[in-house]
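Examination of the molecular architecture
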Amino acid sequence: MMRLAIRTLRFRKGGFIATFVAVVFGTAIVMACGGLMETGIRSNVEPQRLAAAPIVVTGQQSHKPPGADEDTDAFPLTERVGVPAELVTRIRAVEGVTGVIGDRSFTAPLVTPSGSVVAEGHNWASAALAPYKLVSGRAPGVGEIVSTSGKLGDRVRVLANGVPQSFTVSGIAAAPAGHTFFSEPDAARLSRMPDRYADVGVLVAPGTDVDAVKDRIEALGNVTALSGIDRGLAEHPGTGGQREALIAIAGSFGGIAVMTMMFVVASTLALSAQHREREFALLRGIGTTPGQVRRMILGEGLLVALPAVAFGIMPGMLLGRFLFDQLAEHGVASPVISFYQGLIPFAAGAGAAVLAVIGAALIAARKSAKIKPVQALMEASLQRKWFSWVRLIAGLLFLGGGMALMIVTATVMVGPLAGATAGPSVLCWAIGVALLGPFWTKAALLLWRWPVQALSRVNGRLAIRNVSVRSVAMSAAVMPVMLAVGISTANLYMQTTQVDAASKAFTRDLNADVVLTSATGMSPQLVQQIRAVPGVSGASAYVRSTGVIDEPRNAPFDDDGAPLIGVDAQDANGPAPVRVTDGSLAGLTGSTVALPEYVAQKINRGVGSTITVTLGDGTSVKLSVVAIFAAERGYESIVLPTALVTAHTTDGLIRQILVRTTPGGDPGPALTKLAATHPGVQVADREALVSANAEDQKTQAWVNYMLVGMLIAYTAVSVVNTLVSTTLRRRREFALQRLTGSTRAQVLRMLTAEGALITLSGITLGTLVALAALIPFSAKVANSLPTGPFWIYLLIIGAATLLTFTSTLVPAVASLRQPPTQPTHAD
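The text that follows walks through the structure, step by step, so that each part is easy to find.

The next subject is the overall build of the protein chain. In terms of regular secondary structure, the protein chain is built from 24 helices and 27 strands. About 35,500 Å² of surface is accessible on the protein chain, with carbon and sulfur atoms providing 61% of the total.

Right, here's the structure in full:
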């Protein structure tokens, strides 16, 4: 049977080319996702500034609440924890350690004539960890720096907490641009953490067991010892949080891609097998056994799949690298992480593709192999039966899964978390509809047959008769259109709805009219200066971070912790986006906190009570509740004093100041003049703050737009494959129509009417699938119907229409060029 499969393969080029293309695309997409997954799991960052230290000690960048169960996951700490200076002496005493060098790292923007430039500052002692050496000059003293450029004796201004300070260049070092080295006293002062190092480099004697030394250091408690390539994580502590995002994106999209590939490959092979029923009938009639038919179909599938997998390797590598670069460019992944795409991603892509082909081939061969020879010869010229109990049960299970996820979305999920169930529900609905495709196709045709017939008359009636008789075959053309429209519409409008809901939740209580921004930080004294400007009724710094509520333990936040917002004490008319319902923000100073109503209710705390919170750098503080405020469900944040939040962030900088103006006041010119005296400070309207607040949502939306776009493109391959194959299969029918008197134009008009029916049916079913997920999602996220530009939907249905008509009419025109009397063979 394998020899027969090989000999007949060249006569079935159309169907097998379709399968080949589907497997190539599927292999590439799954392999690319596997590369992202491997990169996220490894999260390898080549050490540079700390490369000379065999071991780098950092603070423990995670926190597990006291008394938590062993199964409770630790919360990631988003701010640099650091290593206590007192611990350095104990590390130096560890067996096997020959030297310890503490590293202080902090933001040290340089003020230049053209503006401020973001740069990083370090203590000069840490230069030995690279090692970076002096090219000229000497080590810095108090009030001096070692720079990577310029001349000895130059005066350089550095922004320290938004205030320029002057330093003299005492030396020039061979180090990457953007690094400035200070004396130990200056570095301790500018880093704002004299009792804590960012990390510590540990030197060991040659031949020492590094792993054993690491274990001894970690036994000291609350520190992490890194060696090898993991040392680079100490230089870029933010890569830890991005690692989780990268793994989540690769895993979720990879799973969807595998399911889509299996569906596309299965539909392509099933259609090819359907078109060959006459051949299988003949084989069964001359004595071929069911097992031989199955082996032949399986062999043909593998003959196509294996070369397709090989062809998909290079596109998969290029696609994986492209996706990683795009994610890094948009801040989802760290650009310093080394991209990996080794044997495991290839095995995942190849394995998924081959398994998809094997499964699809076995399903396609099931009916052709089991049917009786005489019955096969009869059915080869009749409409193929589609119903089976297996198909019915599988379809109902997927539809039931979609219904269950829809109910969970509508009743259990809250705010942005609704996407966790709404996304999978789209696939369940789509696959359930596809499995019962002939039934849903007939239902859609009943809706559209009369409008199409009224508009196209004779050709429309002929098209409707064709589609009605061949409704089972037509469902194979309708389902890919449904899949493309349903998945793309649902996912794109989920993102637009969520971004719009997040923006409205933030702006609903935002009282600021003007916002001052700076990428290099602003001084707290600037807030006082702004309040003195005529026309300003209030001003407040605005800082964001993340923390964990340790006590009480039932706080309603996810595994990433609780969003923290730092604002200044203010009255009811202050500029902060907080609408107080109990208490007052006037007392928001020191160790105090304001809680959202739902959070306060959930943890049973009110004004005057206390809670315990671990801040972003791992510091635990006991806070007194001074206010309760209203907040949209799913978008709650904990409000703390600005000074408390900034003292426990990595850079300790204020980058936004909210300003509220008096009625009729116009402080714009005065604020612009004031900002000009502070390097890097700019004045903008409230839209800048809204845009910055929605940046995370926009980034996530962009990621989903890109990934959904790839799935749409892959689904488009299925649409083209199916329609082209179906059209070419009908060459004998077209020839018969022409021999009975139909012209080429009449045949094309009939196909145009059929294409309209296929397009309208696919768009209708796809829209219903999308709405089944979108309506409960938008009801929970935005308390409204889905929001977003209508042109997105028009673009989706326009693309579906263009694909359908192009894939139908182009091969039909090519077929009609042949004389109707010329012999044809089944493709």
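This part takes up helix α3 (residues 85-92). Inspection of α3 places L87, V88 and I91 among the buried residues, and these make up the whole buried set. Angular distribution of buried residues about the axis of α3 spans 115°; they occupy a single face of the element. With respect to the buried face of α3, the exposed residues turned more than 90 degrees away are E86 and T89.

Once that is clear, we can look at the pattern of salt bridges. What the rule picks out here adds up to ten salt bridges. Residues R80 and D199 are paired through a salt bridge, measuring 3.6 Å at the closest nitrogen-oxygen approach. Of this pair, R80 sits in the loop between β3 (75-76) and β4 (83-84) while D199 sits in strand β16 (residues 199-204), and the two are 119 residues apart along the sequence. By relative accessible area, D199 is classed as buried at 0%. Across the pair E184 and R104 runs a salt bridge, and its minimum N-O distance is 2.8 Å. Taken as a pair, E184 in helix α4 (residues 184-190) and R104 in the loop between β5 (97-103) and β6 (105-107) lie far apart in primary sequence, 80 residues in all.

So, about the sheet that holds β5. Within the open sheet, the four strands sit side by side as β5-β16-β1-β17. Their pairing is antiparallel. Each of the sheet's edge strands pairs with one partner strand only, and the pair in question is β5 and β17 (223-227). Going across the sheet, the axis of each strand differs from the next one's by a mean of 25°, ignoring polarity. α3 contacts β1 (55-59), β5, β16 and β17 of the sheet and is inclined by roughly 165° relative to β5. Contacts from helix α5 (residues 210-218) reach β1, β5, β16 and β17 within the one sheet, and its direction differs from that of β17 by about 165°.

With that settled, consider helix α22 (residues 731-739). Taken together, the buried positions of α22 are F734, A735, Q737 and R738. One side of α22 carries all its buried residues, which in axial view fall inside an arc of 160°. Facing away from the buried side of α22 by more than 90 degrees, the exposed set consists of L736 and L739.

What follows is about a nonpolar patch on the surface. Together, M314, M317 and L318 make up a nonpolar patch on the protein surface, roughly 300 Å² of accessible area in all. Among the structural elements, M314 can be located in helix α9 (residues 290-329).

Enumeration according to the criterion identifies eight aromatic pairs in this entry. Each ring, one from F106 and one from F182, has its centre 5.6 Å from the other, and the planes form 50°; the classification is tilted. Within this pair, whereas F106 is found in strand β6, its partner F182 is found in strand β14 (residues 179-182), the two being separated by 76 residues in sequence. Residue F182 is classed as buried on the basis of its relative accessible area, which comes to 0%. Taken together, F106, F167 and F182 form an aromatic cluster joined through their ring pairs. Across from the ring centre of Y340, 4.5 Å away, lies the NZ or CZ of R42, which sits over that ring. A cation over a ring is seen here: R104 above Y197, with NZ or CZ 4.3 Å from the ring centre.

What counts, and where the lines are drawn
- Residues numbered from 1 in each chain as written.
- Predicted model: local features only at pLDDT ≥ 70, side-chain atom pairs only at ≥ 80, totals over all residues.
- Heavy atoms only, no water.
- Helix = DSSP H or I, 4+ residues; strand = E, 2+ residues; numbered from the N terminus.
- Areas by Shrake-Rupley, 256 points an atom, 1.4 Å probe, with all protein chains shown as cover.
- Buried < 20%, exposed > 50% of the residue type's maximum accessible area, 1.4 Å probe, protein only.
- Arc of directions from axis to C-beta.
- Salt bridge = Lys/Arg side-chain N within 4 Å of Asp/Glu carboxyl O.
- Pairing = 2+ DSSP bridges.
- Axes fitted to C-alpha atoms, helices over the stretch in contact; angles between N-to-C directions.
- Contact = heavy atoms within 4.5 Å.
- Patch = residues over 30% accessible without salt bridge, like charges linked within 9 Å, V, L, I, M, F, W, Y side chains within 5 Å.
- Phe/Tyr/Trp six-rings, centres within 6.5 Å; stacked < 30°, edge-to-face > 60°.
- Lys NZ or Arg CZ within 6 Å of the ring centre and 35° of its normal.

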